[in-house]
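Here is what each chain is made of, one letter per residue.
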Amino acid sequence: MLFQIPDVLSAEELSQIQQALAKAEFVDGKTTAGWYAKQVKHNQQLKRGATPDLEATVKAALSRHPLFQIAVRPKQIHNLRFSRYGVGMSYGTHADNAMMGSYRSDISFTLFLNDPEAYTGGELVIEAADDEKAYKLKAGSAIVYPSSTLHRVDTVTQGQRLVVVGWVQSLVRDPAQRELLFDIDTVRRSLFAQQGKTTEFDLLSKSVSNLLRCWAE
Ligand code: NI
């Protein structure tokens, strides 16, 4: 599933992160790319672990978001990278590494940290079998997509693109199973909003729990 999450970060969190990044030292992004991605990765990143407080803010913001919770079922949000693309920078077509340290990457996300008006180019382009689609979201919003896709970041031709990217190991590895859980859970919540705690709601809740028991790892 590919979806957008609006307003992951509050205005205060966004401004705190922007201020910290304005003062921070960035390094060449090639340092964390796989051998073939190195050839196409032209960006800058904060040193890993240099800003544990910013990473904690982003993880907490994603974790509290109900859509992220029920669509992604995160076991671990890992390898956050604050990235900067100045004029002429891009990240050519690649798929994300399956394993990052001891974590699997099932789902990737890009959380935009400055507004689309601040730069030209710099779209995140995600390829499908017969088409591709470009994304450039407003500051504080995120796009979540399968780590298995081919994707790229087009060249920035003006201004500066600021994002934080990261990966998630899901409790439920199979995307089809995650989608089933998402659909049933969405119906369950909608039913509760309309009719409260009915027998039907109870049965759907039981099914969500029992499917998760079967599939979670
Ligand atoms: Ni990528």
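Residues numbered from 1 in each chain as written. Predicted model: local features only at pLDDT ≥ 70, side-chain atom pairs only at ≥ 80, totals over all residues. Heavy atoms only, no water.

### Let's talk about the nonpolar core
Then, number 1: Counting residues in hydrophobic clusters, the biggest one holds 31 residues, and the most contacted among them are Leu21, Phe82 and Leu113.
Then, number 2: Secondary structure elements with two or more residues in this core: strand E1 (3–5), helix H1 (11–23), helix H2 (52–63), helix H3 (66–72), strand E5 (74–85), strand E9 (107–112), strand E13 (142–146) and strand E16 (161–170).
Then, number 3: Among residues more than four places away in sequence, those in contact with leucine 21 are Phe26, Leu46, Leu54, Phe82, Leu113 and Leu162.
Then, number 4: Core analysis: the next-biggest nonpolar cluster, separate from the first, contains 19 residues, Met100, Phe112, Val156 and Val163 among them. (Core = buried A, V, L, I, M, F, W, Y, C linked by side-chain atoms within 4.5 Å. Buried < 20%, exposed > 50% of the residue type's maximum accessible area, 1.4 Å probe, protein only. Helix = DSSP H or I, 4+ residues; strand = E, 2+ residues; numbered from the N terminus. Contact = heavy atoms within 4.5 Å.)

### Quick notes on the coordination of the nickel ion
Then, number 1: For the nickel ion, the full set of protein donor atoms is His94 (NE2), Asp96 (OD) and His151 (NE2), and the range of their distances to it is 2.1 to 2.2 Å.
Then, number 2: We note that the donor set of the nickel ion lies within a single chain, spaced as H-x1-D-x54-H. Taken together, the residues aspartate 96 in the loop between strand E6 (90–94) and strand E7 (99–100) and histidine 151 in strand E14 (residues 151–153) connect sequence positions 55 residues apart.
Then, number 3: Residue class for aspartate 96 comes out buried when judged on its relative accessible area of 14%.
Then, number 4: What makes histidine 151 buried here is its relative accessible area of 3%. (Donors = N, O, S within 2.8 Å, 3.2 Å for Na, K, Ca; no water.)

### Digging into H1
Then, number 1: For H1, which comprises 13 residues, the first-to-last C-alpha distance of 19 Å matches the rise-based estimate of 18 Å (1.5 Å per residue) to within 8%.
Then, number 2: The complete set of buried residues in H1 reads Glu13, Leu14, Ile17 and Leu21. For H1, the angular spread of buried residues about the axis comes to 100 degrees, placing them on one side. Residues of H1 that are exposed and point more than 90 degrees away from the buried face comprise Ala11, Glu12, Gln19, Ala22 and Lys23.
Then, number 3: Residues of H1 that are buried sit in contact with strand E2 (26–28), strand E4 (44–46), H2, E5 and E16. (Expected span 1.5 Å × (residues − 1). Arc of directions from axis to C-beta.)

### A short note on the sheet that holds E5
Then, number 1: The sheet built from seven strands is open, its strands ordered E1-E13-E9-E16-E5-E4-E2 with antiparallel pairing. Every interior strand has two partners, whereas the edge strands, E1 and E2, have only one. For this sheet, the mean inter-axis angle between neighbouring strands, taken without regard to orientation, is 30 degrees.
Then, number 2: One ladder, built from nine bridges, connects E5 with E16; its direction is antiparallel. In the strand pairing of E16, serine 83 is matched with valine 163. (Pairing = 2+ DSSP bridges. Axes fitted to C-alpha atoms, helices over the stretch in contact; angles between N-to-C directions.)

### Let's talk about the sheet that holds strand E12 (residues 132–135)
Then, number 1: Sheet architecture is open: five strands sit in the order E3-E6-E14-E11-E12, paired in antiparallel fashion. At either end of the open sheet lies a strand with only one pairing partner, and these are strand E3 (41–42) and E12.
Then, number 2: Of the pairings in the sheet, the one linking strand E11 (residues 124–127) to E12 comprises four bridges and is antiparallel in character. Along E12, the bridge assignment pairs leucine 124 with tyrosine 135.

### Quick look at the side chain of asparagine 43
Then, number 1: Position of asparagine 43 relative to the elements: it lies in the loop between E3 and E4.
Then, number 2: A distance of 3.1 Å separates a polar atom in the side chain of asparagine 43 from a polar atom in the side chain of tyrosine 85.
Then, number 3: Setting aside chain neighbours within four positions, we find asparagine 43 in contact with Val27, Asp28, Gly29, Ser83, Arg84, Tyr85, Met89 and Ser90. (Polar contact = N/O pair within 3.5 Å; in protein donor to acceptor, adjacent residues only side chain to side chain.)

### A short note on the pattern of salt bridges
Then, number 1: Applying the stated criterion to the full structure yields eleven salt bridges.
Then, number 2: Measuring nitrogen to oxygen at the nearest pair gives 2.8 Å for the salt bridge that ties arginine 188 to aspartate 185. Within this pair, arginine 188 and its partner aspartate 185 are both found in helix H4 (residues 175–195), separated by three residues, close to a single helical turn. Each of the two residues, arginine 188 as well as aspartate 185, counts as buried.
Then, number 3: Among the charged side chains, a salt-bridge network with shared partners connects Arg73, Asp185, Arg188 and Arg189. (Salt bridge = Lys/Arg side-chain N within 4 Å of Asp/Glu carboxyl O.)

On their own, these measurements won't tell you what the molecule is for.
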